[in-house]
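Coordinate analysis (summary)
Okay, here's what each chain looks like letter by letter:
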Amino acid sequence: MRLKRVHKRWARLNALLGVFPVFAVINRFQPMLTDGYGGDLIPSLLPEALAGRYNMILAAALAVLVASEVMRRRFHARHKEDLAL
């Protein structure tokens, strides 16, 4: 039962925390939140020190999301028999 709860919690967190980076990538190429000039609004909401590194922050967030999903899938594969109960 504990493994099922851990797996469900992990899947939910991936979905919840993955919404912003995925939306930010989509907004980067197809702006839905614009700054009035048709550009992406999200970098202008960040402090100036972080706005210059927006692409790096976005790439890091996506990399963390991918790594977490890969680890979750490995966890699921390793404990498949226990999770099926």
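Structure shown above.
Presented here is a report on the structure given in the accompanying data block. Throughout, a residue's number is its position along its own chain's written sequence, starting from 1. The predicted origin of the model limits local features to residues at a pLDDT of at least 70 and limits the giving and counting of side-chain atom pairs to 80 or more, whereas totals for whole chains, interfaces and linings rest on all residues. No hydrogens and no water enter the side-chain calculation; it runs on all heavy atoms of the structure.

**Things to note about the packing of aromatic side chains**
So the rule is basically this: Pairs were defined over the aromatic rings of Phe, Tyr and Trp, the Trp ring being its six-membered one, requiring ring centres within 6.5 Å. Orientation was assigned from the angle between planes: stacked under 30 degrees, edge-to-face over 60, tilted for the rest. A run of DSSP states H or I qualifies as a helix once it reaches four residues; a run of E qualifies as a strand once it reaches two. Both are numbered from the N-terminal end. Whether a residue is buried, partly exposed or exposed follows from its accessible area with a 1.4 Å probe, protein chains only, as a fraction of its type maximum: under 20%, in between, or over 50%, in that order.
Summed over the entire model, instances satisfying the criterion amount to one aromatic pair. Ring geometry for Trp10 versus Phe75: centroids 5.7 Å apart, planes at 55°, classification tilted. Residue Trp10 is located in helix α1 (residues 2–29), and its partner Phe75 is located in helix α4 (residues 54–78); the two are separated by 65 residues in the primary sequence. Residue classification places Trp10 among the partly exposed residues on the basis of a relative accessible area of 21%. When its relative accessible area of 14% is taken as the criterion, Phe75 is described as buried.

**Re the packing of α1 against α4**
For clarity, the threshold we go by: All axes are obtained by fitting lines to C-alpha atoms, using only the stretch in contact for helices, and the reported angles, taken between N-to-C directions, cover 0 to 180 degrees. Roughly parallel covers angles under 35 degrees, roughly antiparallel covers those over 145, roughly perpendicular covers 65 to 115, and oblique covers all other angles. Crossing handedness is read from the near helix: turned anticlockwise from the far helix by less than a right angle, it gives a left-handed crossing, and turned clockwise, a right-handed one. Any two residues whose heavy atoms approach within 4.5 Å at even a single point are treated as in contact. When residues are sorted by character, Ala, Val, Leu, Ile, Met, Phe, Trp, Tyr, Cys and Pro go into the nonpolar class, Asp, Glu, Lys and Arg into the charged class, and all the rest, Gly among them, into the polar class.
Put simply, α1 and α4 touch, their axes get as near as 9 Å, and they point 155° apart. One way to sum up the angle between α1 and α4 is to call them roughly antiparallel. In this structure, α1 crosses over α4, and the sense of that crossing is left-handed. In this structure, α1 contributes Leu3, Val6, His7, Trp10, Ala11, Asn14, Gly18, Pro21, Val22, Ala24, Val25 and Arg28 to the contact, and α4 contributes Tyr54, Asn55, Leu58, Ala61, Leu62, Leu65, Ser68, Glu69, Met71, Arg72, Phe75 and His76. Along the lines of polarity and charge, the residues of the contact of α1 with α4 split into 15 nonpolar, six polar and three charged.

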